[in-house]
Amino acid sequence: MQWEYLGYFASVLLVASLMMENVVRLRWLNLAGCVAFTLYGLAIEAWPVAFTNGLLSLVNIYHLIKLQRKQKTSAAE
């Protein structure tokens, strides 16, 4: 597999995520892009790319959990 394709795919996901009006969709797409970039960075041994996008994946997961808890609290009221 040519790893550049994974990098392009990750780029498309990140750009698409920033076009979302719905914050939950934005976070999910951005998470997918960050995971893809993490894998890409690992595959080509670009450690800063892998490290940064791995951390950004954790940030997206944190915000998705926070949004989910907020939705559950709003639904319970």
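Just so we're clear, the structure is a prediction, and the values are computed from it rather than from any experiment.

A.B. asks: Sorry, what's going on with the packing of aromatic side chains here?
C.D. replies: Any pair of aromatic rings gets described here by the distance separating the centres and the angle formed by the planes. Applying the stated rule across the entire model yields one aromatic pair. Measuring from centroid to centroid gives 6.1 Å for Phe37 and Tyr40, while their planes differ by 65°, and the two rings are edge-to-face. One end of the pair, Phe37, and the other, Tyr40, are both in helix α2 (residues 23–43), three residues apart, so they sit about a helical turn from each other. Phe37 sits in the buried class, given a relative accessible area of 15%.

A.B. asks: I tried to follow the environment of Trp28 on my own but got confused; where do I start?
C.D. replies: Tracing the backbone through its elements, the reader meets Trp28 in helix α2. Relative accessible area serves as the criterion here: at 52%, Trp28 is assigned to the exposed category. Separated by 15 residues in the primary sequence, Trp28 and Leu13 place their C-alpha atoms 9.7 Å from one another.

A.B. asks: I keep staring at the nonpolar core and nothing clicks. Help me out?
C.D. replies: Soluble globular proteins tend to bury their nonpolar side chains together. In this structure, Leu6, Ala10, Ala36, Phe37 and Tyr40 together form the largest nonpolar core, which totals five residues. Sorting elements by how many residues they give to this core places α2 first, with three residues. If we skip the residues at most four places from it in the chain, Phe37 touches Gly7, Ala10, Ser11, Leu14, Val49 and Asn53.

A.B. asks: Can you walk me through the confidence of the model for the protein in this structure?
C.D. replies: It should be kept in mind that the predicted coordinates are not to be read in detail where pLDDT is low. The predicted model of the protein averages 95 in pLDDT, with 99% of residues at 70 or higher. Summarising per-element confidence for the protein, the mean pLDDT is lowest in helix α3 (residues 47–76) (94) and highest in α2 (97).

A.B. asks: For this particular structure, what's the right way to read the side chain of Ser57?
C.D. replies: Its location among the elements puts Ser57 in helix α3. Judged by relative accessible area, Ser57 falls into the buried class, the value being 7%. Each residue touching Ser57, except ones within four places of it in the same chain, is listed here: Leu31, Cys34, Val35 and Thr38.

Cut-offs used in this document
Residues numbered from 1 in each chain as written. Predicted model: local features only at pLDDT ≥ 70, side-chain atom pairs only at ≥ 80, totals over all residues. Heavy atoms only, no water. Phe/Tyr/Trp six-rings, centres within 6.5 Å; stacked < 30°, edge-to-face > 60°. Helix = DSSP H or I, 4+ residues; strand = E, 2+ residues; numbered from the N terminus. Buried < 20%, exposed > 50% of the residue type's maximum accessible area, 1.4 Å probe, protein only. Core = buried A, V, L, I, M, F, W, Y, C linked by side-chain atoms within 4.5 Å. Contact = heavy atoms within 4.5 Å. pLDDT = per-residue confidence, 0-100.

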